[in-house]
Amino acid sequence: MTYTLTTPLYYVNDKPHLGSAYTTLACDALARFQRLKGEQVLFITGCDEHGQKIQRTAEAAGLSPQAHCDGVSAQYRELWDRWQISNNRLIRTTDPRHRQIVEQFFARVEASGDIVEGRQQGWYCVACEEFKDDPHEAKDPECPTHKRPLEWRDEVNLFFRLSRYQEQIEALIAQPGFIQPASRRNEVENFVKQGLRDFSISRVNLPWGIPVPGHEGHTFYVWFDALLGYITALLEEGDAPDLETALSRGWPAAVHVIGKDILRFHAVYWPAMLLSAGLPLPAKVFGHGFLTREGQKMGKSLGNVLDPADLLERCGRDAVRWYLLRDIPFGDDGDFQQQRFSDLVNNDLANTIGNMLNRTSSMARRWFDNAVPPASTATGSDHPLAQAAAQARTTVLQGLEQLEFRSAAEAALQLAIAANGFLNEQAPWSRMKQEGTRDQVADDLYAVLEAARITALLMAPLLPDLSERMLLQLGQSIPDSSATAQPDGAWLTQLEWGALQSGAPLPEPSPVMARLELSEPL
Ligand code: MSP
């Protein structure tokens, strides 16, 4: 079975910002975790390139829509490369194969009798590409998200008969695991309870879209087309653009990870479309929260947007990943604060983890011939650090499985904290000055190095770079979480206490994590 996970397919109206990087980094951690467990992972991200918003942006830039999309999607590709995102696919909805998948899917929905003509009247937000629910009869209503005027629309469109799926959608969203976190379910339930209304799936006079077969002058509504990108993305390189083939490559998805802004599309419209086409439904939709900056919404007008490329350049991958995954409960809104960012990175990574490893490995090298010291009682499962490691392992595995990155990160850190505490209590540097304590010192250093090894392995999905540097410092092999599934269970076995080999050479230590010194505001 393939474990398929997706990020949203990002609009290419502008270059990527920290919000899109946030979702993608989290998905990357999840994808790496699943691979390390031995799952065959298909990690999909991509770009949503049709619709009015993109058409207008291209016009404003004096470019053809295609040229505009080529430029921005290349920026996404580069950014994900630089962040070393381990995505297996980057789908663009202007991919010619996508058009054929959309056509085949539409044919199924039409054959189910779910496409009807109707008149669409309402207030539309081009930035959301969405009709808004009755904006309280305001004269000049604004989009609550974008604070921009809504546009009045009145046109004859093709409609999808969403109303026919009321009961099935109610049953679906009542399933405990479908919408996560559970706190987000309410808002969807309330929307569904009001009664599902058919929604238009085509536009007239909008050339920048996929033409609807058999309906001259109509192009597909950008969301109808975009959601299907998740299926087109399943196709392998040489595959014919055939819906069945695509589905056989990894459908249904294990999880769609999205921001809370687009939950309705994923938890209501998309499942109904799939039901209509007679296709299986994704197992889970996870709607995470939104990032703000120093308490304010990030936006161009406030000039406080964090550019993920800049951030990477100035702070490095580990620091940003750590802060975003460790400080913000995935699911809740979170605020990016520069001081807290550098405090956490310096305390957790440079001090707690980095110093623990560095000083222990230096002592071991100095007193035990540049190698892992011999262990006597330290390999036992009743050693206090063995117990701390077992606890950390359980919590990290559970946390990652449930996309609770924060609790996973904290649990891994907790093990390093316990190891530091143990080291300070045992104070091998004083013991070493006494007679007859060499075995005890060896045992204690072994235990701390073993805790460091397990911390590094637990960190592998969250901070692959730091994890790698730690493991190299310990002379260990590096699990590759980026490309293929690990041989079943190898990583899980490595997480067992006592696998560190006494006598194995310890390379010369160098700091695994540089301190973050930000003299200028980001
Ligand atoms: N194109 C649609 C998605 C189609 S999926 C088939 C779209 N694109 S988007 O570019 O606007 O991306 C929205 C997503 O970006 C959010 O759902 C969220 O994952 C991420 N974020 C955008 N701004 C964000 C923050 N300020 N904070 C956190 N994530 C944010 O919607």
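Rules used throughout
Residues numbered from 1 in each chain as written. Predicted model: local features only at pLDDT ≥ 70, side-chain atom pairs only at ≥ 80, totals over all residues. Heavy atoms only, no water. Pairing = 2+ DSSP bridges. Helix = DSSP H or I, 4+ residues; strand = E, 2+ residues; numbered from the N terminus. Buried < 20%, exposed > 50% of the residue type's maximum accessible area, 1.4 Å probe, protein only. Near = heavy atom within 4 Å. Polar contact = N/O pair within 3.5 Å; in protein donor to acceptor, adjacent residues only side chain to side chain. Areas by Shrake-Rupley, 256 points an atom, 1.4 Å probe, with all protein chains shown as cover. Nonpolar A, V, L, I, M, F, W, Y, C, P; charged D, E, K, R; others polar. Axes fitted to C-alpha atoms, helices over the stretch in contact; angles between N-to-C directions. Parallel < 35°, antiparallel > 145°, perpendicular 65-115°, else oblique. Left-handed = near helix turned anticlockwise from the far one by under 90°. Contact = heavy atoms within 4.5 Å.

Caption draft 1: A look at the sheet that holds strand E15 (residues 334–336). If you trace the 3 strands from one edge of the open sheet to the other, you get E14-E13-E15, paired in mixed fashion. Only two strands of the sheet have a single partner each, and these edge strands are strand E14 (296–297) and E15. Alignment of strand E13 (residues 291–293) against E15, held across 3 bridges, turns out to be parallel. Considered in E15, the bridge of Arg 293 is made with Phe 336.

Caption draft 2: Geometry of unusual backbone geometry. Following Gln 180, the chain continues into Pro 181 via a peptide bond in cis, with omega recorded as -5°. By secondary structure assignment, the location of Pro 181 is in the loop between strand E7 (179–180) and helix H6 (185–193). Positive phi is not limited to glycine here, since Glu 129 has a value of about 50°. Its location among the elements puts Glu 129 in the loop between strand E4 (115–125) and strand E5 (130–131). Exposure remark for Glu 129: the relative accessible area of 2% places this residue in the buried category. At Asp 369, a position not held by glycine, the phi torsion is positive, near 65°. Classification of Asp 369 as exposed rests on a relative accessible area of 67%.

Caption draft 3: Examining the site of the ligand more closely. By nearness alone, 22 residues border the ligand, and Leu 9, Thr 23, Asp 48, Gly 259 and Asp 261 come closest of all. In this structure, Thr 23 approaches the ligand through a side-chain N or O atom, which is 2.7 Å from an oxygen atom. Within the complex, the protein chains bury 91% of what would otherwise be the 670 Å² of accessible surface of the ligand. Only strand E1 (2–11), helix H1 (18–36), helix H7 (222–227) and strand E11 (255–259) provide two or more residues apiece to the shell around the ligand. Counting residues per element, the shell around the ligand draws most heavily on E1, which supplies 4 residues. Taken together, the residues of the shell around the ligand break down into 13 nonpolar, 7 polar and 2 charged.

Caption draft 4: Geometry of the pairing of strand E2 (residues 40–48). E2 sits mainly inside the fold: 8 of its 9 residues count as buried. Across 8 bridges, the pairing between E1 and E2 is parallel. Looking at E2, one finds that Tyr 10 is bridged to Cys 47. Pairing of E2 with strand E3 (residues 89–92), which is carried by 4 bridges, proceeds in the parallel orientation.

Caption draft 5: Molecular detail of the packing of helix H13 (residues 338–367) against helix H17 (residues 438–459). Contact pair H13 / H17: the axes reach a minimum separation of 10 Å and the direction vectors enclose 140°. It follows that H13 is oblique to H17 by the angle criterion. Crossing hand, H13 versus H17: left-handed. Contacts from Ile 353, Met 356, Leu 357, Thr 360, Ser 361, Met 363, Ala 364 and Trp 367 of H13 reach H17 at Arg 438, Val 441, Leu 445, Val 448, Leu 449, Ala 452, Thr 455 and Met 459. Of the residues assigned to the contact of H13 with H17, the class counts are 12 nonpolar, 3 polar and 1 charged.

Geometric descriptors of this kind do not, in isolation, establish any biological role.
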